[in-house]
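Summary of structural features
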2 protein chains.
Amino acid sequence: METRRIDPVNCSVARALSVVGERWSLLIVREALDGARRFGEFHSRLGIARNLLATRLETLVTAGVMRRVPYQEPGDRQRFAYELTEQGRALRPTLVALLEWGDTYLADPQGPSVIVRHRPADDASSCDEPVKVVLECAAGHSHLAPEDVCRTPGPGARFLESS
Amino acid sequence: METRRIDPVNCSVARALSVVGERWSLLIVREALDGARRFGEFHSRLGIARNLLATRLETLVTAGVMRRVPYQEPGDRQRFAYELTEQGRALRPTLVALLEWGDTYLADPQGPSVIVRHRPADDASSCDEPVKVVLECAAGHSHLAPEDVCRTPGPGARFLESS
DNA sequence: GGCCTGAGTTGAAGAACTAAACTCACGAAG
DNA sequence: CTTCGTGAGTTTAGTTCTTCAACTCAGGCC
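The following paragraphs examine the structure supplied in this document. All of these numbers come straight from a predicted model, not from anything done at the bench.

Reading the values: rules and limits
Residues numbered from 1 in each chain as written. Chains lettered and ligands numbered in written order. Predicted model: local features only at pLDDT ≥ 70, side-chain atom pairs only at ≥ 80, totals over all residues. Heavy atoms only, no water. Least-squares fit on C-alpha atoms with pLDDT ≥ 70 in both. Contact = heavy atoms within 4.5 Å. Buried < 20%, exposed > 50% of the residue type's maximum accessible area, 1.4 Å probe, protein only. Helix = DSSP H or I, 4+ residues; strand = E, 2+ residues; numbered from the N terminus. Pairing = 2+ DSSP bridges. Near = heavy atom within 4 Å. Polar contact = N/O pair within 3.5 Å; in protein donor to acceptor, adjacent residues only side chain to side chain. Nonpolar A, V, L, I, M, F, W, Y, C, P; charged D, E, K, R; others polar. Buried area = accessible area lost by both parts, 1.4 Å probe. Salt bridge = Lys/Arg side-chain N within 4 Å of Asp/Glu carboxyl O.

The next point concerns the relation of the copies chain B and chain A. Superposition of chain B onto chain A requires a rotation of 180 degrees combined with a translation of 0.0 Å along the rotation axis, giving an RMSD of 0.0 Å. The superposition of one copy onto the other is thereby described by a two-fold rotation axis. The fraction of interface residues of chain B whose copies in chain A are also interface residues reaches 100%, indicating that both copies meet through the same surface.

Turning our eyes to something else, we now look at the pairing of strand E6 (residues 149–153) of chain A. With respect to burial, E6(A) is a largely interior element, 4 of its 5 residues being buried. Pairing geometry for E6(A) and strand E4 (residues 114–118) of chain B, over 5 bridges, is antiparallel. By the bridge assignment for E4(B), Arg151(A) is matched with Val116(B).

A word on the protein's contact with DNA strand D. Near DNA strand D lie 21 residues; those nearest to it are Trp24(A), Asn51(A), Leu52(A), Arg56(A) and Arg77(B). The sugar-phosphate share of atoms of DNA strand D within 4 Å of the protein amounts to 59%. Within the contact set of DNA strand D, a base oxygen lies 3.2 Å away from a side-chain nitrogen or oxygen of Asn51(B). In this structure, Arg77(B) approaches DNA strand D through a side-chain N or O atom, which is 2.8 Å from a base nitrogen. Elements represented by at least two residues in the surface near DNA strand D include exactly helix H4 (50–63) of chain A together with helix H3 (39–46), helix H4 (50–63), strand E2 (66–72) and strand E3 (78–84) of chain B. Across the surface near DNA strand D, the residue classes break down as 7 nonpolar, 4 polar and 10 charged.

For the rest of this paragraph, the subject is the protein's contact with DNA strand C. Around DNA strand C there are 22 residues in total, and Arg50(A), Asn51(A), Arg77(A), Asn51(B) and Arg56(B) lie nearest to it. Among the atoms of DNA strand C lying within 4 Å of the protein, the sugar-phosphate backbone contributes 62%. One nitrogen or oxygen atom from the main chain of Gly40(A) is found 3.0 Å from a phosphate oxygen belonging to DNA strand C. A distance of 2.7 Å separates a base nitrogen of DNA strand C from a polar side-chain atom of Arg50(A). Those elements that place two or more of their residues in the surface near DNA strand C are helix H3 (39–46), H4, strand E2 (66–72) and strand E3 (78–84) of chain A together with H4 of chain B. Looking at which element gives the most residues to the surface near DNA strand C, the answer is H4(B), with 4 residues.

Between chain B and chain A, the contact holds 84 residues from the first and 84 residues from the second. Counting the surface lost from both chain B and chain A, the interface buries some 8000 Å², and carbon and sulfur atoms represent 61% of this. Together, Trp101(B), Ser113(B) and Arg151(B) form the three largest contributors to the area buried by chain B at its contact with chain A, with a combined 10%. Our enumeration of links across chain B and chain A arrives at 6 salt bridges. With a shortest N-O distance of 2.9 Å, Asp108(B) and Arg158(A) are connected by a salt bridge. Summed over the shared surface of chain B and chain A, the result is 39 residue pairs in polar contact (both at pLDDT 80 or more). Ranked by residue count, the leading element in the side of chain B that touches chain A is helix H6 (residues 92–105) of chain B, at 12 residues.

Okay, structure coming up:
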């Protein structure tokens, strides 16, 4: 029998990248996690072209990563802001993983420009220690090395016959 | 005093994305983590255009994510294969995080097509339980929610005066 | 009314991506 | 020694995506 391979196109990584894999998407999400809400904030923080920002925000809203909400500053007309949905906030681990990778291998000589810290919103138990992303299995083994994990087919796997 | 904001361009996420943020880069790394080594393997698994694959592999090699190594099949001439460096393998947590996000929010109705399992290379302690990515702070608080972390300036931070 | 501001939209030029045909180096077959 | 087959790219032409700059649009303010 031929060895079977998991179809690499029917994969959540590919689907995830089709939503947040475009050039500015993850940076927009990062700024949103950091508190950006308005069109102009994203524009001036990132320096992204305005039309592209409009397109990206629309894509992210359509994908359910962000939400377009009306707001009104006193003495100003109604405008729209963009905020993350729960789905969007769930990208935090991905961004922390990328940040860590960048810090480790592409570091600024000065050191990292950003440190992610444990600081709950209610600030009651202000811990403030740096946060890392770790791989952990369901049996409780933690801090797995990249070599200690492998991909296996799941229930939705399609296969390709290797030719 | 004006509130100071961390310069969002001088950031490891942005630097990381400049290396692996292009359309196919992370999928190439994923296939490499799954054992792909040769030009044709990447090409047929991903369906990426050949010229683009050549360009991406060159970019990844230049960036230190992959390495070009000569190999020779018996009765064939010498060719080149591409394998991940340690820097490339370190992208595993990023890919697991993306996979998890995709599984959670963009799932195939059949269920996930890929499950990442704890299975060390030497297979001695074959645990095989599914692996997740978790946020953990240096004080040992684990399984932090996205809301429980925040970004703070590090030693290499540049600031922008908000205008 | 005329001016200002934030939030987009439009349009032209340049860069990136796709697809398919082409080249190249070698080993094997005749 | 000539031809054929194969893996690994390269070339080229066409399409799509990004960028940049200029323009529009709606309301508030003078």
